[in-house]
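# Structural characterization, general
Here's the letter readout for the chains.
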Amino acid sequence: MTMQLVCSIEEMRKVSHTLKQAYQRIGLVPTMGALHEGHLSLIRLAKQHADIVIASIYVNPTQFGPHEDFDQYPRDFERDKNLCQQEGVDIVFSPDSREVYKDLHTVYVIETCITEILEGAVRPDFFQGVLTVVTKLFNMVGPDIAVFGQKDAQQLCAIKQLVENLNFPIKIIEGPIIREPDGLALSSRNVYLSEQERKDALCLCQSLDLAKRLYVDNERSAKGIKQAVSDFVGLVPSAKLDYVEIVDGETFQSAHEVGSTAMIVLAVYIGSTRLIDNAFFRR
Ligand code: PAF
């Protein structure tokens, strides 16, 4: 099947309706483009769980704060489309922003627990924007399954809560973090890094390894592990720790003791580029 490009919401609904009538299981992979191997792994995962894979490409303005990188965010639609084609995506859905957010847009989706801390605390608009656009995409596409990456662990947790609390009949599939051979987690924002910053950015995954080693050596105090990570990141001149936290991987609430479902999450500025990473202690 040749890949189809759908740009209007009405057409998306029609296509989706036809697919459902033919009992096709629809898988959605929401993206903001700037596709990398991480996204492609989500597409491959969607193909395992659905008959038809739809990748949405939409840089959602409402999840960027006023001083964030919405304007600079890497965009290369032709490249993204070709990658989707190569991966066997059936439909690329790229809605027009004027249609997604009409002039009078006053309804947003807010989550009041998981999103209060960490990314939610330092990026006040982020989760409201993400949950609103994900809700919109779910309503436009009507997927049976949707795939999100573990790289954005707090986002993933909030989306699972969204689906559960608002009764979306959609199964959320989680894709593992994809890393460069040296350990750097793939991110669309890695392209902002200079050569030296690219090397310095390894402090994120290395500090996660350090935390896991401490855990293996029986350190169970979240405070102790966070301090070690903070000291480690502090040694890298271009790095500035934004936050490091140990949370329960299921509820995303901060933990004092590192339990069996705990994960460590961190955000670090490398120069002016903000990167995030995370790891479970037990996986
Ligand atoms: O993770 C992302 O790329 C975005 O936050 C998402 C889920 C596509 C919503 O814009």
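Predicted, not measured: the structure shown is a model, and the values here were computed from it. (Residues numbered from 1 in each chain as written. Predicted model: local features only at pLDDT ≥ 70, side-chain atom pairs only at ≥ 80, totals over all residues. Heavy atoms only, no water.)

## Considerations on the packing of aromatic side chains
How we decide: Between 30 and 60 degrees the pair is tilted, below 30 it is stacked and above 60 it is edge-to-face, where a pair is any two Phe, Tyr or Trp rings, Trp via its six-membered ring, whose centres lie within 6.5 Å. Relative accessibility under 20% of the residue-type maximum defines a buried residue, over 50% an exposed one, and the middle range a partly exposed one, all with a 1.4 Å probe and only protein chains included. Two conditions define a charge located above a ring, namely a distance within 6 Å from the ring centre to NZ of Lys or CZ of Arg, and an angle within 35 degrees of the ring normal.
Scanning all chains against the criterion turns up six aromatic pairs. Geometrically, the ring pair formed by Phe126 and Phe127 is edge-to-face, given 4.9 Å between the ring centres and 65 degrees between the ring planes. By relative accessible area, Phe126 is classed as buried at 7%. One aromatic cluster in this structure is built from Phe64, Phe70 and Tyr73. One cation-aromatic arrangement involves Lys136 over Tyr101; the distance from NZ or CZ to the ring centre is 4.9 Å.

## Re the site of the ligand
Convention followed: The cutoff for a nearby residue is simple: one of its non-hydrogen atoms must lie within 4 Å of the molecule or strand. Polar contact criterion, stated in full: a pair of N or O atoms within 3.5 Å, where within protein one must be able to donate a hydrogen and the other to accept it, and residues adjacent in sequence count only if both atoms are side-chain atoms. The accessible surface values rely on the Shrake-Rupley method and a 1.4 Å probe; as for residues, cover is taken only from the protein chains in view. Per the convention used, a helix needs a DSSP run of H or I reaching at least four residues, while a strand needs a run of E reaching at least two, with both numbered from the N terminus.
The ligand sits among Pro30, Thr31, Met32, Asn60, Gln63, Val130, Val133, Phe148, Asp152 and Gln155. In the environment of the ligand, an oxygen atom lies 2.7 Å from a nitrogen or oxygen atom belonging to the side chain of Gln63. Within the side chain of Gln155, one N or O atom sits 2.8 Å away from an oxygen atom of the ligand. Considered on its own, the ligand offers 290 Å² of accessible surface; in the complex 88% of this is hidden by protein. At the level of secondary structure, the elements contributing two or more residues to the shell around the ligand comprise strand S2 (26-31) and helix H6 (126-141).

## Here's the deal with the environment of Ala222
Put simply, the rule reads: Should any heavy atoms of two residues lie within 4.5 Å, those residues are considered in contact.
By the secondary structure assignment, Ala222 is in helix H10 (residues 222-234). For Ala222, a relative accessible area of 1% gives the class buried. Linking Ala222 and Asn82, residues 140 residues apart in sequence, is a C-alpha distance of 44 Å. Discounting residues that sit within four places of it in the chain, Ala222 has contacts with Ile246, Ala255, His256 and Val258.

## Here's the deal with the packing of H6 against helix H7 (residues 153-165)
Selection criterion: Lines fitted to C-alpha atoms define the axes, with helix axes restricted to the stretch in contact, and inter-axis angles between N-to-C directions lie between 0 and 180 degrees. Should an angle fall under 35 degrees it is called roughly parallel, over 145 degrees roughly antiparallel, and 65 to 115 degrees roughly perpendicular, with every other angle called oblique. Crossing handedness is defined as follows: a turn of the near helix away from the far one that is anticlockwise and smaller than a right angle gives a left-handed crossing, while the clockwise case is right-handed. All residues other than Ala, Val, Leu, Ile, Met, Phe, Trp, Tyr, Cys, Pro, Asp, Glu, Lys and Arg, Gly among them, are scored as polar; the first ten of these are nonpolar and the last four charged.
Two numbers describe how H6 lies on H7: the axes approach to 11 Å, and their chain directions differ by 50 degrees. With respect to their mutual orientation, H6 and H7 come out oblique. Seen along the crossing, H6 lies across H7 with a hand that is right-handed. Residue-level inspection shows Phe126, Phe127, Val130, Leu131, Val134, Thr135 and Phe138 of H6 in contact with H7, the latter providing Gln154, Gln155, Ala158, Ile159, Leu162 and Val163. In the contact of H6 with H7, the residues fall into ten nonpolar, three polar and no charged.

## Some points on the pattern of salt bridges
Applicable threshold: Any carboxyl oxygen of Asp or Glu that lies within 4 Å of a side-chain nitrogen of Lys or Arg is treated as forming a salt bridge with it.
Under the counting rule described, the total for this entry stands at 15 salt bridges. In this structure, Glu119 engages Arg274 in a salt bridge whose closest nitrogen and oxygen atoms are separated by 2.8 Å. One end of the pair, Glu119, is in helix H5 (residues 119-122); the other, Arg274, is in strand S9 (residues 273-280), with 155 residues separating them in the sequence. No difference in accessibility class separates Glu119 from Arg274, as the two residues are buried.

## So, the nonpolar core
As a rule of thumb, soluble globular proteins bury nonpolar side chains together. Using the following cut-off: In this description, a nonpolar core means a group of buried Ala, Val, Leu, Ile, Met, Phe, Trp, Tyr and Cys residues linked to one another through side-chain atoms lying within 4.5 Å.
One finds Ile54, Phe93, Phe138, Ile172 and Phe252 to be the most contacted residues of the largest nonpolar core, which totals 47 residues. Ranked by residue count, the leading element in this core is H6, at ten residues. Leu193, Ala201, Ala262 and Ile264 belong to the second largest nonpolar core, which has 28 residues in total.

## Side note on unusual backbone geometry
Backbone geometry at Tyr23 places phi at a positive 60 degrees, although glycine is not the residue there. Inspection of the secondary structure assignment puts Tyr23 in the loop between helix H1 (9-21) and S2. Phi is positive for Asn218, which is not a glycine, with a value near 80 degrees. For Asn218, the position within the fold is in the loop between helix H9 (202-216) and H10. By relative accessible area, Asn218 is classed as exposed at 58%.

## Things to note about H1
Here is the rule we go by: By definition here, a helix of n residues has an expected span of 1.5 Å times n minus one. It is the directions from the helix axis to the C-beta atoms whose arc is reported.
Between its first and last C-alpha, H1 extends 18 Å over 13 residues, near the 18 Å set by a 1.5 Å rise per residue. Every buried residue belonging to H1 is among Ile9, Met12, Val15, Ser16 and Leu19, and all of these are buried. Mapping the buried residues of H1 onto a view down its axis gives an arc of 125 degrees, with all of them on the same face. Residues of H1 that are exposed and angled more than 90 degrees away from the buried face: Glu10, Lys14, Thr18 and Gln21. Contact partners of the buried residues in H1: strand S1 (4-6), S2, strand S3 (52-57), strand S4 (91-93), helix H4 (97-100) and H6. Trailing H1 by a residue or two, Tyr23 shows a phi angle of about 60 degrees, which is positive.

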